[in-house]
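For reference, the chains in residue letters:
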Amino acid sequence: MPVTFKILPRRNLALFTYSGMVGLQESMEVVAAATNHPDYRPTMRQLCDLSRVTGVERDYLALLRMQAKIVESLYTPESELVVLFYAPQRAGREMAQMARKSWEGLNSVLVLILDREAQALAVLGLPEMSLQALADLHA
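This text gives an overview of the structure that appears in the document.

Rules of the game
- Residues numbered from 1 in each chain as written.
- Predicted model: local features only at pLDDT ≥ 70, side-chain atom pairs only at ≥ 80, totals over all residues.
- Heavy atoms only, no water.
- Buried < 20%, exposed > 50% of the residue type's maximum accessible area, 1.4 Å probe, protein only.
- Helix = DSSP H or I, 4+ residues; strand = E, 2+ residues; numbered from the N terminus.
- Pairing = 2+ DSSP bridges.
- Right-handed = clockwise from strand over helix to strand, strands pointing away.
- Salt bridge = Lys/Arg side-chain N within 4 Å of Asp/Glu carboxyl O.
- Phe/Tyr/Trp six-rings, centres within 6.5 Å; stacked < 30°, edge-to-face > 60°.
- Core = buried A, V, L, I, M, F, W, Y, C linked by side-chain atoms within 4.5 Å.

## A short note on the pairing of strand β2 (residues 13–22)
Phase 1 of the analysis: For β2, the tally of buried residues reaches eight of 10 residues, placing the bulk of the element in the interior.
Phase 2 of the analysis: In terms of strand pairing, strand β1 (residues 3–8) meets β2 through six bridges, oriented antiparallel. Bridged to Val3 within β2 is Tyr18.
Phase 3 of the analysis: Running through helix α1 (residues 24–35), the crossover from β2 to the neighbouring parallel element strand β3 (residues 45–56) is right-handed.

This is the structure we're talking about:
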């Protein structure tokens, strides 16, 4: 599964793009790399593009451990962690729902799942009308 990230400090955003079959280990490694990026800030919103996900590894115990580590590495007591999943396809929505369930009960994480690209960007207050425009602007 290819997964990439971009840190967009001018938009206060970490953009994660997933495609293919999503593996938990690779996902965790990418989050760790993003949080170690010199421009990353704990207050950044997270936008996960799941539009090209075809499947998800179904190890729920590993998922719970991974999500706990993600919250630990991204969490700051000064603000709520906002994670928005753009998931227009079934496989992406399943992945987003798994993540949401694993974070249930944590008041510090706000998880949003949207299936329309322009709406996802608008909810985050981004002026771009597409993820491609966002990526191109910050390439």
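## Topic: the pattern of salt bridges
Phase 1 of the analysis: Across all of its chains, the model carries three salt bridges by this definition.
Phase 2 of the analysis: Residue Glu94 pairs with Arg90 through a salt bridge whose shortest N-O separation is 3.7 Å. Separated by four residues within a single helix, Glu94 and Arg90 lie in helix α3 (residues 90–102), roughly one turn from each other.

## As for the packing of aromatic side chains
Phase 1 of the analysis: Under the definition given, this model contains one aromatic pair.
Phase 2 of the analysis: For the pair Phe5 and Phe16, a centre-to-centre distance of 6.4 Å together with 40° between the ring planes defines the contact as tilted. Here Phe5, found in strand β1, pairs with Phe16, found in strand β2; they are 11 residues apart in sequence, far enough to count as distant.
Phase 3 of the analysis: By relative accessible area, which is 3% here, Phe16 ends up buried.

## Observations regarding the environment of Ala33
Phase 1 of the analysis: Note on placement: Ala33 falls in helix α1.
Phase 2 of the analysis: Ala33 sits 28 residues away from Phe5 along the chain, and the two C-alpha atoms are 8.7 Å apart.

## Some points on the nonpolar core
Phase 1 of the analysis: Phe16, Tyr18, Leu50, Val53 and Phe85 are the most contacted members of the largest nonpolar core, which totals 28 residues.
Phase 2 of the analysis: Broken down by secondary-structure element, the contributors of at least two residues to this core are β1, β2, α1, β3, β4 (81–86), α3 and β5 (109–114).
Phase 3 of the analysis: Core analysis: the second largest hydrophobic core is formed by 14 residues, Leu15, Leu124, Leu126 and Leu134 among them.

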